[in-house]
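Below, each chain spelled out in residue letters.
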Amino acid sequence: MRLIMIGFGNLGRAFGRSLLEKKEFLLTNYGLTPSVVAAVDEYGAAVDEGGLDVKKLLKTAEKANTVADYPARGKKGRSALEVIEEVEADLVFELTPTNIKNGEPGLTHIKKAMMAGRHVITSNKGPLVVAFRELDRLAKQKGVEFRYSGSVGGAVPVIGLAKKMLAGNMVHAIRGVLNGTTNYILTRMSKEGAPFDVVLREAQELGIAEKDPTLDIEGTDTACKITILANAVLGISAKLKDVKVVGIRRIRPEAIRLAQEAGYAVKLIGVAKRDSLEVGPKLVPVGHPLAVGGTLNAVTFETDLAREVTITGFGAGPRETSSALLGDLIDIHTALGD
Ligand SMILES: NC(=O)c1ccc[n+]([C@@H]2O[C@H](COP(=O)([O-])OP(=O)(O)OC[C@H]3O[C@@H](n4cnc5c(N)ncnc54)[C@H](OP(=O)(O)O)[C@@H]3O)[C@@H](O)[C@H]2O)c1
């Protein structure tokens, strides 16, 4: 299968490393031989329709910080849109930064790829929160496969579990700890009784929180994931603005201590139901499957047949999330009967 990588940053590179690591495994178990025919970043592209050398591509990206310096086949200024239009390929990975205002540049990349008849895998929340239905419809219209497992839960197969293994259930509600940064902050605050600002600063020093942590701590990142789950699992045409959001900035250590004394943990919980979407700090009984610590994610599906099913694991990290990308790739390969 010929792949185009749009965005070759932390996740694109981790995925490249996974392709190398899993080469024999993919061939032996699935008869799958992925070939990266193009990689694009903001500076330019590397293109070889016969297949780029992924080891060389990784070395170039790490050394020069752009794939455009790939020996002989790299070119500065060659854009993602040109590559999607001009390079023969089966599938496009859209792995550019998330932009929740208008979904760009990912939204246009995905649309262009689908219009050109290419299957699409993305981990980019931006296009999904802005135009989920539009993209879902376009994929069906063009007869292409569209997967986005890495956009919610990182390595945790939240969407796959709901859409496949729980497919015979009516899902009434989805509740989840969907943001590792805020969960880390709340866990540290509860263990040490430390104030929010102090823990946030330490989380930033450790690289767990971004320099600008606004999207995480205000609950917006969780709201994005709830929007995606509402669309993908509950079948609602929801947009980000439909989610009622409260973040964790105002939580005091005393409130966490009082909750602890009563047997509860304070967690930032996203809830998706057919009639309401919300994100906010909630009390979760200690020992409940959603009361996970550190940077872990956890999601509970409330269903008719299976009752409650909870899944937990690593919600971010490039290597972990490459598991979701690889799972989507194998899923598409299997769906196509290749
Ligand atoms: N990293 C994770 O653990 C993780 C987990 C789940 C989801 N995600 C999502 O996955 C996506 C990628 O994450 P990441 O960590 O790999 O981000 P990243 O390290 O910032 O990499 C983004 C890549 O996109 C490229 N890019 C930016 N604008 C572009 C454009 N107009 N055309 C072509 N390429 C462009 C960047 O190129 P330059 O370097 O040249 O600017 C870079 O190669 C994001 O949407 C993120 O939210 C990431």
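All of the points below concern the structure found in this document. The shown structure was predicted, so the numbers you read here are calculated from the model rather than taken from an experiment.

Comments concerning the overall build of the protein
Along its length, the protein carries 13 helices and 13 strands. For a compact globule of 338 residues, the expected C-alpha radius of gyration is about 20 Å, and the protein comes in at 20 Å, within 12% of that figure. By principal-axis analysis of the C-alpha atoms, the protein measures approximately 65 × 45 × 40 Å. Expressed as a percentage of the 338 residues in the protein, the buried residues total 50%. When contacts within the protein are restricted to residue pairs at least 6 apart in sequence, those whose partners lie at least 24 apart make up 70%.

What about the packing of helix 1 (residues 10-21) against helix 13 (residues 318-335)?
Remark: helix 1 packs on helix 13, axes separated minimally by 8 Å, with the N-to-C direction vectors making an angle of 70°. With respect to their mutual orientation, helix 1 and helix 13 come out roughly perpendicular. Of the two possible hands of crossing, helix 1 and helix 13 adopt the one that is right-handed. Residues Asn 10, Leu 11, Ala 14, Phe 15 and Ser 18 of helix 1 lie in contact with helix 13, whose contacting residues are Pro 318, Arg 319, Thr 321, Ser 322, Leu 325 and Leu 326. Of the residues in the contact of helix 1 with helix 13, the class split is 6 nonpolar, 4 polar and 1 charged.

Brief notes about the site of the ligand
Neighbouring the ligand are 27 residues, the closest being Gly 7, Gly 9, Leu 11, Asp 41 and Glu 42. If you list the elements that add at least two residues to the shell around the ligand, you get helix 1 and helix 13. Here the shell around the ligand takes 3 residues from helix 1, the largest share from any one element. Taken together, the residues of the shell around the ligand sort by class into 11 nonpolar, 13 polar and 3 charged.

As for unusual backbone geometry
A cis amide bond links Glu 104 with the next residue in sequence, Pro 105, at an omega value of 10°. Tracing the backbone shows Pro 105 in the loop between strand 5 (91-94) and helix 5 (106-115). Positive phi outside glycine occurs at Asn 65, with the angle close to 60°. Considering the arrangement of structural elements, one finds Asn 65 in the loop between helix 3 (54-64) and strand 4 (74-76). Even without being glycine, Arg 307 reaches a positive phi, approximately 60°. Tracing the backbone shows Arg 307 in the loop between strand 12 (296-303) and strand 13 (308-314). The exposure class assigned to Arg 307 is exposed, which follows from the 9 C-beta atoms found within 10 Å.

Examining the packing of helix 8 (residues 180-192) against helix 9 (residues 196-205)
With their axes 9 Å apart at the nearest point, helix 8 and helix 9 run at an angle of 125° to one another. Classified by the angle between their axes, helix 8 and helix 9 sit oblique to one another. As for how helix 8 packs across helix 9, the hand of that crossing is right-handed. Residue-level contacts link Thr 181, Tyr 184, Ile 185, Arg 188 and Met 189 of helix 8 to Phe 196, Val 199, Leu 200 and Ala 203 of helix 9. Looking at the contact of helix 8 with helix 9 residue by residue, the class counts come to 7 nonpolar, 1 polar and 1 charged.

Quick notes on the pairing of strand 6 (residues 119-122)
Side chains of strand 6 alternate between two faces, with His 119 and Ile 121 and Val 120 and Thr 122 buried alike. At this point the chain moves from strand 5, through helix 5, to the parallel strand 6, and the crossover so formed is right-handed. As paired elements, strand 6 and strand 7 (residues 146-147) share 2 bridges and run parallel to each other. Considered in strand 7, the bridge of Val 120 is made with Phe 146.

A closer look at the nonpolar core
Counting residues in hydrophobic clusters, the biggest one holds 100 residues, and the most contacted among them are Ile 4, Met 5, Ala 38, Ala 39, Ala 46, Leu 57 and Val 67. With 7 residues, helix 11 (residues 220-232) is the largest single contributor of residues to this core. Leave out the neighbours within four places in its chain, and Ala 38 touches Ile 4, Met 5, Ala 45, Ala 46, Val 47, Val 83, Val 87 and Ala 89.

Parameters at a glance
Residues numbered from 1 in each chain as written. Predicted model: local features only at pLDDT ≥ 70, side-chain atom pairs only at ≥ 80, totals over all residues. Helix = DSSP H or I, 4+ residues; strand = E, 2+ residues; numbered from the N terminus. Rg over C-alpha atoms; globule rule 2.2 N^0.38 Å. Buried ≥ 20, exposed ≤ 12 C-beta atoms within 10 Å, placed from the backbone. Contact = placed C-beta atoms within 7 Å. Axes fitted to C-alpha atoms, helices over the stretch in contact; angles between N-to-C directions. Parallel < 35°, antiparallel > 145°, perpendicular 65-115°, else oblique. Left-handed = near helix turned anticlockwise from the far one by under 90°. Nonpolar A, V, L, I, M, F, W, Y, C, P; charged D, E, K, R; others polar. Near = placed C-beta within 6 Å. Right-handed = clockwise from strand over helix to strand, strands pointing away. Pairing = 2+ DSSP bridges. Core = buried A, V, L, I, M, F, W, Y, C linked by C-beta atoms within 7 Å.

Shape descriptors only; they carry no functional weight alone.
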